[in-house]
Each structure stands twice: as structure tokens, then as C-alpha cells.
Amino acid sequence: MAQLYFYYSAMNAGKSTSLLQSSYNYRERGMNTLVMTASIDDRYGKGKVASRIGIETDAQVFSSQDDLTQMISDVHQAAPLSCVLVDECQFLSKEQVKQLTHVVDNIDIPVLCYGLRTDFQGELFSGSHYLLAWADKLVELKTICHCGRKANMVVRLDGEGKVMREGEQVAIGGNESYESVCRKHFREFIWD
Ligand SMILES: [Zn+2]
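Okay, so let's go over this structure. Just so it is clear, the model here is predicted, and its values are computed rather than measured.

**Considerations on helix 4 (residues 126–134)**
Item 1. Gly-127, Ser-128, Tyr-130 and Leu-131 are the residues of helix 4 that are buried.
Item 2. Along its buried surface, helix 4 packs onto strand 1 (4–9), helix 3 (94–106), strand 7 (111–116) and strand 8 (137–140).

This is how it looks when you write it as C-alpha cells:
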């Protein structure tokens, strides 16, 4: 039986690297994979998943309105898929996570989702919310805070490197950056 996986972490824990490695492992054995990514992420241009260590692959881009069951079924009919890998899965809608459970349960293709658990204010993203609720396997990818503790939170920094407490959940086109921190330091930055 296929399963739905949610690989979650803070920023810069190697999510894309892990995704690309998993896809490679399938392809090395002659199996076909489909790599998908959310259209909201244009860090590396549309239609690519790239890791910070310099490897990348083409990806099918989806928007929040797309029917993922349909997109995946179309590809699967042309060339049978052994695995679907979704990057930036925090941006999935509730409906799209449901569609992925259909792909796993009814088409029997494993789906591996990679994304952030929480936003810069410590709140769940919609995709992460429903993946935490419905995935078969939850796997944490770890990274560390500047203090050496495990970093499970993310802070948003403005152009001058100051921590931002307010703003939209997804900032597009600004010069914000993100840093992974432990909960203790997140509390000091955001909650205290
Ligand atoms: Zn810390």
C-alpha cells in the first residue's frame, strides 16, 4: 500500500536536497517520478526544484486552484509513476491535501511532501495543517539554531536584518529573509 509522507522542518534543513535524493533513488532504478512545486515559490524560476548544495531538477508547477489528482493522473497515464514528490507543500490547500490522499489510496502512488511546519509567527500553514492531520508518516528534518539547539521555528528578517513580528503569511518580492531558530529564541523574538 502506498503512503502519504510529510517531511517537515524549519528553513534550510535540506528539504529540497532530501526530495531530490529520493527522486534520484527511484530514477536510478528505472522508475518514473513526478516532482511538483508550488507556483508561489519563484526563488529559482518556475518549474524547478533546486537545493542549496547545487543540484536541481525540473518540476511541474501547481497553483492553489489546480486539481492535483487530475494533474498526477494525466502524467501517470502517459508513463506510470512510482512516486510523486511535492516541494513547498506548506502552500497546498486543504482540498489539495485531500486530493493527494486520493492519489495514495485510490491510485496507489506514494506521495512525499516536503515543507515548512510553521510560518514566521509560529502558526501552521494550511498545507502543513492538513498534512499533520492526515499523512501516514511524519518525518522531521532537523536543523540547528545559532545557539546549537534544534531549530524548529522560523523568523522573518527585514532588509536590515531585524526580526519582523507582523506581515502577510507569505511575503512575495520583498527583500525579507528567513532564519531558523529554536523555540526559546523564537519566544524572545516574537512572544516576549
Ligand atoms: Zn536558539
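Alright, that's what it looks like, and here's the rest.
**What to know about the coordination of the zinc ion**
Item 1. Taken together, Cys-145 (SG), Cys-147 (SG), Cys-182 (SG) and His-185 (ND1) make up the full set of protein donors to the zinc ion, lying 2.0 to 2.3 Å away.
Item 2. Bound by four donor atoms, the zinc ion shows angles of 100 to 115° at the metal and therefore tetrahedral coordination geometry.
Item 3. Sequence positions of the donors to the zinc ion reduce to the motif C-x1-C-x34-C-x2-H. Here Cys-147 is found in the loop between strand 8 and strand 9 (153–157), whereas its partner His-185 is found in helix 5 (residues 183–191), with 38 residues between them in sequence.
Item 4. In this structure His-185 comes out as buried when scored by relative accessible area, which is 13%.

**Description of the pattern of salt bridges**
Item 1. Inspection of every chain in the model, using the stated rule, returns five salt bridges.
Item 2. Residue Lys-48 is joined to Asp-58 by a salt bridge in which the shortest nitrogen-to-oxygen separation is 2.6 Å. With Lys-48 in strand 3 (residues 48–50) and Asp-58 in strand 4 (residues 56–58), this pair connects stretches of sequence that are 10 residues apart.
Item 3. With relative accessibility at 27%, the residue Lys-48 sits in the partly exposed group.
Item 4. Between Glu-140 and Lys-150 there is a salt bridge, and its shortest N-O distance comes to 2.9 Å. With Glu-140 in strand 8 and Lys-150 in the loop between strand 8 and strand 9, this residue pair connects regions lying 10 residues apart in the sequence.
Item 5. With a relative accessible area of 22%, Glu-140 lands in the partly exposed category.
Item 6. Classification of Lys-150 by relative accessible area gives partly exposed; the value is 36%.
Item 7. Through salt bridges with shared partners, a single ionic network connects Lys-48, Glu-56 and Asp-58.

Calculation criteria
- Here the residue numbers are simple positions, counted from 1 along each chain's written sequence.
- Two thresholds apply to this predicted model, a pLDDT of at least 70 for residue-level local features and 80 or more for giving and counting side-chain atom pairs, whereas whole-chain, interface and lining totals are computed over all residues.
- Values reported for side chains reflect all heavy atoms of the structure, with hydrogen atoms and water molecules removed beforehand.
- For the exposure calls, accessible area comes from a 1.4 Å probe over protein chains only, and a residue counts as buried if that area is under 20% of its type's maximum, exposed if over 50%, partly exposed in between.
- A helix here means a DSSP run of H or I that spans at least four residues, while a strand means a run of E at least two residues long, and both kinds are numbered starting from the N terminus.
- It only takes one pair of heavy atoms within 4.5 Å for two residues to be counted as in contact.
- Each metal's donors are the N, O and S atoms within 2.8 Å of it, or within 3.2 Å when it is Na, K or Ca, and because water is not part of the set, sites may look incomplete.
- Any site counts as irregular unless it has four donors with all angles between 85 and 135 degrees, making it tetrahedral, or four or six donors with opposite ones more than 155 degrees apart and the rest between 65 and 115, making it square planar or octahedral.
- Every case where a carboxyl oxygen of Asp or Glu lies within 4 Å of a side-chain nitrogen of Lys or Arg is listed as a salt bridge.

In short, the description is geometric, and any link to function would need to be established separately.
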